[in-house]
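Residue strings, one per chain:
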Amino acid sequence: LANAKVYSILVFVMFLWGMNVTWLKVIVSNGDPLTIQTARIFLAAITIFVILKLTKQPLYRKGMPFKYIFIGCFFGVICHHVFLAYGIVQTTAMKTAIISGLSPLFTALIAVLFKDTVMTKSKLIGFALGGVGVLFAVVDDITELTNLQLGDFLVFMSFFLQAFSFIAIRRATEIISPMLMTGWMLLIGSSLLLIFTFATSLRSYGAFVSFSPFIWLVFFMSAILATSIGHTLYNLCIKHIGAAESAIFVNFNTIFALIGAALFLHEIITLQQFIGSLIIISGVIIGTSNLEERMLQRKKNRDKLEC
């Protein structure tokens, strides 16, 4: 895929994930967060396998990279969602947004550590601007950041450990399709979480009986659009441009989350949030500009002309 097409797909995925912030706010307020998350991920996994079956794609192939699938589901599904479900109720939405806004930087550093990418100056500036933009968009009172709680650590671990799953996804999608990788990763992870939630909080599943038609609609949109389709497309982009390059677009989550909150929760977008969004956009543009490569190419062209 050409980079322009990959970037377009990533923006669309960030739109889905940004809307999902609002969708999750709606559904997790109607029951136990981890139980709802587990059921949502399981539905997303089943959706992927149904799509694979309808399109006559294999559900299993010889030489399946189960090592990377298990690493991906452990860090990206189990650790991420368990830590997030328990952490998000013990911290503020603002601090959760800030930590998630720093997740692209975690991913980039881990990608460099595993030699999945090279950290150029333009990428570093892009990641830094993205983090500043998120900070500017969500922080109203800076003193709130100094009051650290257990929930802050759990949310941090949620996004930090998830970054390791992106490296596993990059390795696995060299062998199998991103859709097959996503399906198996979500199925194994959600099945283990189902066993855990059945054993620890079986009664919490009773909340689904009281869901209104609107809550069910939001639940299905979150599972099918944001998780099933969103993660499949994101993993496709990781396959083509790498974990770090894909991660820089995650900062767009904040922008689309603000838009979603304004549209569905009737929250007002402030001037500060608008400026923060512009900083995030600038960071993504700089981070994906490949300035060093372009400058090197210009130098080569100049040297050829001089010869």
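Residues numbered from 1 in each chain as written. Predicted model: local features only at pLDDT ≥ 70, side-chain atom pairs only at ≥ 80, totals over all residues. Heavy atoms only, no water.

Caption draft 1: Quick look at the overall build of the protein chain. For the protein chain, the helix and strand inventory stands at twelve helices and zero strands. Counting from the amino terminus, the protein chain carries its helices and strands in the arrangement α-α-α-α-α-α-α-α-α-α-α-α. When each of the 307 residues of the protein chain is scored for burial, the buried share is 51%. Within the protein chain, contacts between residues separated by at least 24 positions form 88% of all contacts whose residues are at least 6 apart in sequence. (Helix = DSSP H or I, 4+ residues; strand = E, 2+ residues; numbered from the N terminus. Buried < 20%, exposed > 50% of the residue type's maximum accessible area, 1.4 Å probe, protein only. Contact = heavy atoms within 4.5 Å.)

Caption draft 2: Molecular detail of unusual backbone geometry. With a phi angle near 60°, Lys56 is a residue other than glycine that sits in the positive phi range. With a relative accessible area of 78%, Lys56 lands in the exposed category.

Caption draft 3: Region of interest: helix H10 (residues 252-264). Here H10 is 13 residues long and its end C-alpha atoms lie 18 Å apart, about the 18 Å a rise of 1.5 Å per residue gives. Where H10 is concerned, the buried positions are Phe252, Asn253, Thr254, Ile255, Phe256, Ala257, Leu258, Gly260 and Ala261. The positive-phi residue at the C-terminal boundary of H10 is His266, with phi of around 60°. (Expected span 1.5 Å × (residues − 1).)

Caption draft 4: Expanded view of the side chain of Asn235. Structurally, Asn235 can be placed in helix H8 (residues 213-241). Ignoring anything within four residues of it in the chain, the contact list for Asn235 reads Ile169, Thr173, Pro178, Thr182 and Met185.

Caption draft 5: Up close: the packing of helix H1 (residues 3-28) against H8. Across the interface, H1 lies against H8 with an axial gap of 8 Å and an inter-helix angle of 150°. Taken together, H1 and H8 sit at an angle that is classed as roughly antiparallel. Considering the relative orientation of H1 and H8, their crossing is left-handed. Tallied by class, residues from the contact of H1 with H8 come to 25 nonpolar, six polar and no charged. (Axes fitted to C-alpha atoms, helices over the stretch in contact; angles between N-to-C directions. Parallel < 35°, antiparallel > 145°, perpendicular 65-115°, else oblique. Left-handed = near helix turned anticlockwise from the far one by under 90°. Nonpolar A, V, L, I, M, F, W, Y, C, P; charged D, E, K, R; others polar.)

Caption draft 6: Quick peek at the environment of Ala223. Secondary-structure assignment places Ala223 in helix H8. Residues within four places of Ala223 in sequence aside, it is in contact with Arg40, Leu43, Ala44 and Ser228.

Caption draft 7: Looking closely at the packing of aromatic side chains. What the rule picks out here adds up to 24 aromatic pairs. Ring centres of Phe66 and Trp184 lie 5.8 Å apart, and the angle between their planes is 85°; on these two criteria the pair is classed as edge-to-face. Of this pair, Phe66 sits in helix H3 (residues 66-88) while Trp184 sits in helix H7 (residues 178-201), and the two are 118 residues apart along the sequence. Looking at Trp184, the relative accessible area reads 19%, which means it is buried. On the basis of an interplanar angle of 75° and a centroid distance of 5.7 Å, the ring pair of Phe208 and Phe219 is categorised as edge-to-face. Here Phe219 lies in helix H8 and Phe208 lies in the loop between H7 and H8, a separation of eleven residues in the sequence. The class of Phe219 is buried, set by a relative accessible area of 4%. An aromatic cluster of three or more residues is present, and its members are Phe198, Tyr205, Phe208, Phe211, Trp216, Phe219 and Phe220. (Phe/Tyr/Trp six-rings, centres within 6.5 Å; stacked < 30°, edge-to-face > 60°.)

Caption draft 8: Inspection of the packing of H3 against H7 at higher detail. Two elements in contact, H3 and H7, have axes whose closest approach is 8 Å; the angle formed by their N-to-C orientations is 50°. Classified by the angle between their axes, H3 and H7 sit oblique to one another. Crossing hand, H3 versus H7: right-handed. Contact with H3, carried on its side by Phe66, Tyr68, Ile69, Phe70, Gly72, Cys73, Val77, Ile78, Val82 and Tyr86, involves Met181, Trp184, Met185, Leu186, Ile188, Gly189, Ser190, Leu192, Leu193 and Phe196 of H7 and no other residues of that element. Taken together, the residues of the contact of H3 with H7 break down into 17 nonpolar, three polar and no charged.

Caption draft 9: A nonpolar patch on the surface, seen in detail. Side chains of Phe136, Ile259, Leu263, Phe264, Ile269, Leu271, Phe274, Ile275, Leu278, Ile281 and Ile285 sit close together on the surface and give an oily, nonpolar patch of about 1000 Å² of accessible area. Broken down by element, the residue count for the nonpolar patch peaks at six residues, all from helix H11 (residues 271-287). Tracing the backbone shows Ile281 in helix H11. (Patch = residues over 30% accessible without salt bridge, like charges linked within 9 Å, V, L, I, M, F, W, Y side chains within 5 Å. Areas by Shrake-Rupley, 256 points an atom, 1.4 Å probe, with all protein chains shown as cover. Salt bridge = Lys/Arg side-chain N within 4 Å of Asp/Glu carboxyl O.)

Caption draft 10: Representation of the state of the cysteines. Under the defined criterion, the tally for this structure stands at zero disulfides. Cys79 supplies the cysteine sulfur nearest to Cys73, a cysteine that is in no disulfide, at a spacing of 9.3 Å. On the accessibility criterion, Cys73 (2% relative accessible area) is buried. (Disulfide = S-S within 2.5 Å.)

Caption draft 11: Fine view of the nonpolar core. By size, the foremost hydrophobic cluster in this structure holds 75 residues, and its most contacted members are Met14, Phe219, Tyr234 and Phe252. Sequence-distant contacts of Tyr234, that is, excluding residues within four places in its chain, are made with Leu10, Val13, Met14, Trp17, Phe166, Ala243, Ser246, Ala247 and Val250. (Core = buried A, V, L, I, M, F, W, Y, C linked by side-chain atoms within 4.5 Å.)

Purely geometric stuff here, so don't read any function into it on its own.
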